[in-house]
Amino acid sequence: MTQTLGPVMLDLEGTRLTDDERRLLLRPEVGGVILFSRNIEDARQVRSLCDAIRRLRPELLLTVDQEGGRVQRLRQGVTRIPSMGRIGRDYAVAPEVTLRLCLDAGWLMGMEMAACGFDFSFAPVLDVDSGISSVIGDRSFSRDPVEVSAMGEAFVAGLHEAGMAAVGKHFPGHGGVAADSHLELPVDDRPLDALRGHDLVPFADLAGRLDGVMPAHVIYSAFDARPAGFSNSWLGLLRESLGFKGTIFSDDLGMAGAGFAGGPRERAQAALNAGCDMVLVCNDRAAALEVLDACQGRSFRPAKRLRYGRARPEPEALEALGRWRRVHARLEAMAQN
């Protein structure tokens, strides 16, 4: 039976657990830890950090933003992965080759993140690039929603082949707004039919294959006046209309786009009440403590495949795999061009 977890995911200060963090992670409201670049030196060090967290509380979910391209927190001792936009650039002329590379990239990322001690990465990005969103841009596979679906499906299959969960973001699509939700609250005024025919396509196509979804801090005014991550209408559509049965993670509640809901306590309660299973509170320890107090008595049962369930390879052992060597060389070369 899958164990219940607290609904709060926190970050850490540095590359080693402090005594204060050890005490913090023992709080029952904590259900996961996300690591950032400041927590990471190389693959071996981050594996040791993840092992230390698991010795303290083995049930916690451990994750990272490891997408490739400009969003790759872990860089030393792992493959330098190109952006998904770079991988997807050749889809129109060589679709079969590109889909195979997407699958292989998902497999390699899954193997590397498992070796580093993580349960999953917040990947893949399923936003459709519109050419106006600098925060998405080449993080997206393509400007064509059908292509995003096809390449996203292959990437998810690769992650699953490696035994790793797939968490799609940012539902229902962040690519159609110029504003960066880290800095402000974007508003997308397109009608729902336009969203259904474009940005929602990858999420609709892959809802049954994803283990987790992260909604966007974006208001889609034709459907709801609340940002998607605080909207029971949007999260209900994800669950009921699209049939998604996995775990819903809020985007970081410290982002400016989350300010719609009020202070830290109000943001967490609004996200959880709307249908999020777990909320992320990063880069603000005072806010995190406030959220933990607000979430006393809350818990959730995560999707079974979120937790990495296989024997973990050692980081150094991956080089012995012929498939890893081949895909590593291909992706490293592509990342330099």
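Residues numbered from 1 in each chain as written. Predicted model: local features only at pLDDT ≥ 70, side-chain atom pairs only at ≥ 80, totals over all residues. Heavy atoms only, no water.

- Where an unreviewed UniProt entry is consulted, the chain appears under the name Beta-hexosaminidase, with the organism given as Billgrantia montanilacus.
- Of the chain, the UniProt comment under Pathway (unreviewed entry) reads exactly: "Cell wall biogenesis; peptidoglycan recycling."
- Checking UniProt for the chain, the heading Catalytic activity (unreviewed entry) contains the comment "Hydrolysis of terminal non-reducing N-acetyl-D-hexosamine residues in N-acetyl-beta-D-hexosaminides." (UniProt positions renumbered as here; feature names shortened; annotations may be inferred.)

Things to note about the packing of aromatic side chains
- For the coordinates displayed, the defined rule picks out 8 aromatic pairs.
- Summarising the aromatic geometry, the rings of Phe120 and Phe122 are spaced 5.4 Å apart at their centres and angled 85 degrees between planes, so their arrangement reads as edge-to-face.
- Measuring from centroid to centroid gives 5.5 Å for Phe120 and Phe249, while their planes differ by 45 degrees, and the two rings are tilted. Placement of Phe120 in strand E6 (residues 120-121) and of Phe249 in the loop between strand E11 (247-248) and helix H9 (264-274) is noted, with a sequence separation of 129 residues between them. Per residue, the accessibility class of Phe120 equals that of Phe249, and both read buried.
- Members of the aromatic cluster, each reached through a chain of ring pairs, are Phe171, Phe203, Tyr220, Phe223 and Trp234. (Phe/Tyr/Trp six-rings, centres within 6.5 Å; stacked < 30°, edge-to-face > 60°. Helix = DSSP H or I, 4+ residues; strand = E, 2+ residues; numbered from the N terminus. Buried < 20%, exposed > 50% of the residue type's maximum accessible area, 1.4 Å probe, protein only.)

A few points about the sheet that holds strand E7 (residues 167-171)
- If you trace the 3 strands from one edge of the open sheet to the other, you get E7-E9-E11, paired in parallel fashion. Looking along the sheet, the strands with just one partner apiece sit at the ends: E7 and E11.
- Two strands pair when backbone bridges link them, and E7 and strand E9 (residues 212-215) are joined in this way by 4 bridges, in the parallel orientation. For Phe171, the partnering residue across the bridge sits in E9 and is Pro215. (Pairing = 2+ DSSP bridges.)

Topic: the environment of Ser134
- Note on placement: Ser134 falls in the loop between E6 and helix H5 (145-161).
- Between the alpha carbons of Ser134 and Ala178 there is a distance of 6.7 Å; along the sequence they are 44 residues apart.

Re the pattern of salt bridges
- Summed over the entire model, instances satisfying the criterion amount to 30 salt bridges.
- Asp119 is the partner of Arg312 in a salt bridge, and the nearest nitrogen-oxygen pair spans 3.6 Å. Of this pair, Arg312 sits in the loop between helix H10 (285-294) and helix H11 (322-335) while Asp119 sits in the loop between helix H4 (95-115) and E6, and the two are 193 residues apart along the sequence.
- Put simply, Arg209 and Glu153 hold a salt bridge, and the shortest N to O gap is 3.2 Å. Remark: Glu153 occurs in helix H5 and Arg209 occurs in the loop between helix H7 (201-206) and E9; sequence separation between them is 56 residues.
- With relative accessibility at 38%, the residue Arg209 sits in the partly exposed group.
- Taking relative accessible area as the criterion, Glu153 reaches 32% and is therefore assigned partly exposed.
- Here the salt bridges do not stand alone but share partners, grouping Arg44, Arg47, Asp51, Glu314 and Glu316 into one network. (Salt bridge = Lys/Arg side-chain N within 4 Å of Asp/Glu carboxyl O.)

Side note on the packing of H4 against H5
- Between H4 and H5, the least distance of the axes is 7 Å, while the angle of their chain directions is 35 degrees. In this structure, H4 crosses over H5, and the sense of that crossing is right-handed. For the pair H4 and H5, the contacting residues are Thr98, Leu99, Cys102, Leu103, Ala105, Gly106, Trp107, Met109 and Gly110 in the first and Ala150, Met151, Ala154, Phe155, Ala157, Gly158, Leu159 and Glu161 in the second.
- A per-class count over the contact of H4 with H5 returns 12 nonpolar, 4 polar and 1 charged. (Axes fitted to C-alpha atoms, helices over the stretch in contact; angles between N-to-C directions. Left-handed = near helix turned anticlockwise from the far one by under 90°. Contact = heavy atoms within 4.5 Å. Nonpolar A, V, L, I, M, F, W, Y, C, P; charged D, E, K, R; others polar.)

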